[in-house]
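Structure at a glance
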Amino acid sequence: MQGFADGNFYPNKQVTRAEALTIALRAGDIKIPRDFSGNNYFQDINPNNWYAPVIARGVETKIILNKHQNFRPNTPVTKAEFLAFLFRATKVNFSRHYEPHGVANDIPTTAWFAPHFSYAKK
């Protein structure tokens, strides 16, 4: 991870969805182009922003899906979203570790992120 342009890291700042996706792609050793020259998959992504090539790469590698019109790059990432980004980028196989019961009290077994939490719990 790199600090910001001003030389600071800001350890107490919340991580955004764009930052979390960047971390996940790097963890999966997925190359991110420096410049954006691809398809702008979401309406709320300005191709001139630093995260435009990150988000395009996330869609191209199926780490994120472009089912919605907006990605919300500056919104804080949820635990479920971050685990999904990270585990998809690192190609985690959930099938050996998924136990649909007892993941957590507040996670229904039918939740899209239940396998992610089950794997993280183990």
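The rules behind these values
Residues numbered from 1 in each chain as written. Predicted model: local features only at pLDDT ≥ 70, side-chain atom pairs only at ≥ 80, totals over all residues. Heavy atoms only, no water. Helix = DSSP H or I, 4+ residues; strand = E, 2+ residues; numbered from the N terminus. Areas by Shrake-Rupley, 256 points an atom, 1.4 Å probe, with all protein chains shown as cover. Phe/Tyr/Trp six-rings, centres within 6.5 Å; stacked < 30°, edge-to-face > 60°. Buried < 20%, exposed > 50% of the residue type's maximum accessible area, 1.4 Å probe, protein only. Lys NZ or Arg CZ within 6 Å of the ring centre and 35° of its normal. pLDDT = per-residue confidence, 0-100. Polar contact = N/O pair within 3.5 Å; in protein donor to acceptor, adjacent residues only side chain to side chain. Contact = heavy atoms within 4.5 Å. Core = buried A, V, L, I, M, F, W, Y, C linked by side-chain atoms within 4.5 Å.

Observations concerning the overall build of the protein chain
Tallying secondary structure elements over the protein chain gives 4 helices and 0 strands in all. Reading the helices (α) and strands (β) of the protein chain from amino to carboxyl end gives α-α-α-α. Projected onto the principal axes, the alpha-carbon positions of the protein chain cover approximately 45 × 30 × 25 Å. On the protein chain, roughly 8,100 Å² of surface is accessible, and the fraction owed to carbon and sulfur atoms is 50%.

Quick notes on the packing of aromatic side chains
Under the criterion given, the structure shown has 6 aromatic pairs. Pairing Phe42 with Phe71 gives two aromatic rings, centres 5.5 Å apart and planes at 50 degrees, and the pair type is tilted. In this pair, Phe42 sits in the loop between helix H1 (17-27) and helix H2 (52-60) while Phe71 sits in the loop between H2 and helix H3 (79-89), placing the two residues 29 residues apart along the sequence. With centroids separated by 5.4 Å and ring planes inclined at 80 degrees, the aromatic side chains of Trp50 and Tyr51 adopt a geometry described as edge-to-face. Given the relative accessible area of 4%, Tyr51 is considered buried. Of the aromatic side chains, those joined through ring pairs into one cluster are Phe42, Phe71 and Phe85. Here the guanidinium or amino end of Arg17 rests over the ring plane of Phe71, the centre of that ring lying 4.3 Å away.

Observations regarding the confidence of the model for the protein chain
Looking at the protein chain, pLDDT values average 89 and 96% of them are 70 or higher. Confidence, expressed as mean pLDDT per element, reaches its minimum in the protein chain at helix H4 (residues 114-121) with 85 and its maximum at H1 with 96.

Examining the side chain of Glu81
One can find Glu81 in helix H3. Residue Glu81 is classed as buried on the basis of its relative accessible area, which comes to 13%. Within the local environment of Glu81, its side chain forms a polar contact with the backbone nitrogen of Thr78, the two atoms lying 2.9 Å apart. Excluding residues that lie within four positions of it along the chain, Glu81 makes contacts with Arg17, Arg72, Pro76 and Trp112.

Things to note about the nonpolar core
Ranked by internal contacts, the top residues of the largest apolar core, which has 18 residues, are Leu21, Ile55, Ile64, Phe71 and Phe85. In terms of residue count, H1 provides more of this core than any other element does, 5 residues in total. Not counting residues within four places of it along the chain, the set of residues in contact with Ile64 comprises Leu21, Phe42, Ile55, Gly58, Val59, Phe71, Phe85 and Arg88.

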